[in-house]
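Next come the chains, spelled out residue by residue.
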Amino acid sequence: MGRVTQRRKVHKFVLDGSPQALEHPVRYKGDVLAVEEPLEIRLGEMSFSVTMRTPGDDFDLVAGFLVSEGIIWEPGQLVSERFCAGENEDGVQTFNVVDAQLRPDVVRPDTGRNVYTSSSCGICGTDSIEAVRKSSHHSPKEDPATIPVRALAALPDRLREAQAVFAKTGGVHAAGLFRIHDDGTTELLCLREDVGRHNAVDKVVGWALRAGHLPLKGTVLQVSGRASFELVQKAAMAGIPVLSAVSAPSSLAAELADDAGVTLVGFSRGHSLNVYAGRTRILEAEPAPAIVP
């Protein structure tokens, strides 16, 4: 399997005015980078899509991508996944092509997605937004889950604590799937990291599909960056009722969340958060007891 991180020598310019900086303003040091490589997804003989991703959990990534595309929604529809042969200029296996074999009754797309999916944007190049408004087999609209607001606000810190690759590189997004229990305690079910925020979510959804956990009722998907239209779509396709982001959602993400029945939270920073859709799922904090002099 390809490496998740890679070491590289860099020139570091130090401008803090300290005696050490004045004596050695430019330093030659090692740094650790998150690896970014292409992954081609094949459905039998058809090349379906290419995405730029951080190697690792590639079978989860492919499975989750197929769920997000509305092609599969239960584990039995995905018969097998395998890496295809492929070597770099040094003759080393790259593990950059995955062939997914689908059950014969699964309706396959007529053609490949014909979209180059970068690590920063999942759906760039599609003909229209309407082309990716898909009906979910696991709609979260009727999910009765309720989430205590304090437990929800604490999830970004829980996510950050578990981000091993980010701790080394500072260069990957994370998606964490949580379950919040009735007593307010939280359980991290799955965490995935990737240079692409949409890939991190696909890896979580793919893990759930392959483990037979779809639909993901009563869960919260916490992401480390912003909440785009596509992340809301991926949550809805997996039956996730709550999507929480550290940064802002887009206007289209909020609109889709309303339509799909997803509770959408943004700017979740521990001490406060904004709810853009699905407010009824969020339980207010109980007021602190009054101090009697």
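Structure: above.
Residues numbered from 1 in each chain as written. Predicted model: local features only at pLDDT ≥ 70, side-chain atom pairs only at ≥ 80, totals over all residues. Heavy atoms only, no water.

## Section: a nonpolar patch on the surface
No. 1: A cluster of nonpolar side chains, contributed by Phe13, Leu15 and Val26, occupies part of the molecular surface with about 360 Å² of accessible area.
No. 2: Here Val26 lies in strand S2 (residues 26–34).
No. 3: Judged by its relative accessible area of 38%, Val26 is partly exposed. (Patch = residues over 30% accessible without salt bridge, like charges linked within 9 Å, V, L, I, M, F, W, Y side chains within 5 Å. Areas by Shrake-Rupley, 256 points an atom, 1.4 Å probe, with all protein chains shown as cover. Salt bridge = Lys/Arg side-chain N within 4 Å of Asp/Glu carboxyl O. Helix = DSSP H or I, 4+ residues; strand = E, 2+ residues; numbered from the N terminus. Buried < 20%, exposed > 50% of the residue type's maximum accessible area, 1.4 Å probe, protein only.)

## Quick look at the environment of Leu256
No. 1: Secondary-structure assignment places Leu256 in helix H8 (residues 251–260).
No. 2: Leu256 sits in the buried class, given a relative accessible area of 10%.
No. 3: Separated by 21 residues in the primary sequence, Leu256 and Ala277 place their C-alpha atoms 9.2 Å from one another.

## A short note on the environment of Leu264
No. 1: Take Leu264: it is sitting in strand S13 (residues 263–266).
No. 2: A C-alpha to C-alpha distance of 8.1 Å links Leu264 and Ala245, two positions 19 residues apart in sequence.
No. 3: Filtering out sequence-adjacent residues up to four positions away, Leu264 remains in contact with Ala227, Val232, Leu243, Pro249, Ala253, Ala254, Ala257, Asn274, Val275, Tyr276 and Ala277. (Contact = heavy atoms within 4.5 Å.)

## Comments concerning helix H7 (residues 229–237)
No. 1: Within H7, 9 of the 9 residues are buried, which leaves it mostly tucked inside the rest of the structure.
No. 2: Taken together, the buried positions of H7 are Phe229, Glu230, Leu231, Val232, Gln233, Lys234, Ala235, Ala236 and Met237.
No. 3: The secondary structure elements touched by the buried residues of H7 are helix H2 (58–68), helix H6 (197–210), strand S11 (219–223), strand S12 (242–245), H8 and S13.
No. 4: Positive phi appears at Gly239, one or two residues downstream of H7, with a value of about 75°.

## Digging into the nonpolar core
No. 1: Membership of the largest hydrophobic core comes to 50 residues, with the highest contact counts inside it found for Leu66, Ile72, Leu243 and Leu264.
No. 2: The residues contacting Leu243, other than those within four sequence positions of it, are Leu221, Val223, Ala227, Leu231, Val232, Val262, Thr263, Leu264 and Val265.
No. 3: Ranked by size, the runner-up nonpolar core spans 15 residues in total, among them Ala151, Leu152, Leu155 and Val265. (Core = buried A, V, L, I, M, F, W, Y, C linked by side-chain atoms within 4.5 Å.)

## Overview of the packing of aromatic side chains
No. 1: The final tally for this structure, using the stated rule, is 3 aromatic pairs.
No. 2: Between Phe83 and Phe95 the ring centres are 5.1 Å apart and the planes differ by 85°, which places this aromatic pair in the edge-to-face class. In this pair, Phe83 is assigned in strand S5 (residues 78–83) and Phe95 in the loop between S5 and strand S6 (97–102), connecting sequence segments 12 residues apart.
No. 3: Look at Phe95 and you get partly exposed, because its relative accessible area is 24%.
No. 4: Three or more aromatic residues joined by ring pairs form one cluster here, namely Phe59, Phe83 and Phe95. (Phe/Tyr/Trp six-rings, centres within 6.5 Å; stacked < 30°, edge-to-face > 60°.)

## Considerations on the pairing of strand S9 (residues 173–180)
No. 1: Extensive coverage of S9 is indicated by the burial of 6 of its 8 residues.
No. 2: In this sheet, strand S10 (residues 186–194) lies alongside S9 in antiparallel orientation, the contact comprising 8 bridges. Bridge pairing links Leu177 to Cys190 in S10.
No. 3: Connecting S9 to the next strand, S10, in antiparallel fashion are 5 residues, including Gly184 with a positive phi near 90°.
No. 4: Here S9 runs beside S11; their pairing, made up of 5 bridges, is antiparallel. When the sheet's bridge partners are listed, Leu177 is paired in S11 with Leu221. (Pairing = 2+ DSSP bridges.)

## Digging into the sheet that holds S13
No. 1: Overall, mixed pairing links the 6 strands, which are arranged S10-S9-S11-S12-S13-S14 in an open sheet. Each of the sheet's edge strands pairs with one partner strand only, and the pair in question is S10 and strand S14 (274–277). For this sheet, the mean angle separating the axes of adjacent strands, direction not counted, is 20°.
No. 2: Alignment of S11 against S12, held across 4 bridges, turns out to be parallel. Within the sheet, the bridge partner assigned to Leu221 lies in S12 and is Leu243.
No. 3: Together, S13 and S14 form the strand contacts of H8, whose direction differs from that of S14 by roughly 65°. (Axes fitted to C-alpha atoms, helices over the stretch in contact; angles between N-to-C directions.)

## Quick notes on H8
No. 1: Every buried residue belonging to H8 is among Ala253, Ala254, Leu256, Ala257 and Ala260, and all of these are buried. Here the buried residues of H8 occupy an arc of 165° about the axis, which is enough to place them on one side. Residues Ser251 and Asp258 are exposed on H8 and point more than 90 degrees away from its buried face.
No. 2: Where H8 is buried, its residues touch H7, S13 and S14.
No. 3: Downstream of H8 by one or two residues, Gly261 has phi in the positive range, about 80°. (Arc of directions from axis to C-beta.)

## A closer look at the environment of Arg179
No. 1: Along the polypeptide, Arg179 turns up in strand S9.
No. 2: By relative accessible area, which is 29% here, Arg179 ends up partly exposed.
No. 3: Measuring from C-alpha to C-alpha, the distance between Arg179 and Ile147 comes to 9.4 Å, with 32 residues separating the pair along the chain.
No. 4: Not counting the four nearest positions on each side in its chain, Arg179 is found in contact with Thr185, Thr186, Glu187, Leu189, Lys217, Gly218 and Thr219.
No. 5: Within polar-contact distance, the side chain of Arg179 engages the backbone oxygen of Lys217 at 3.1 Å. (Polar contact = N/O pair within 3.5 Å; in protein donor to acceptor, adjacent residues only side chain to side chain.)

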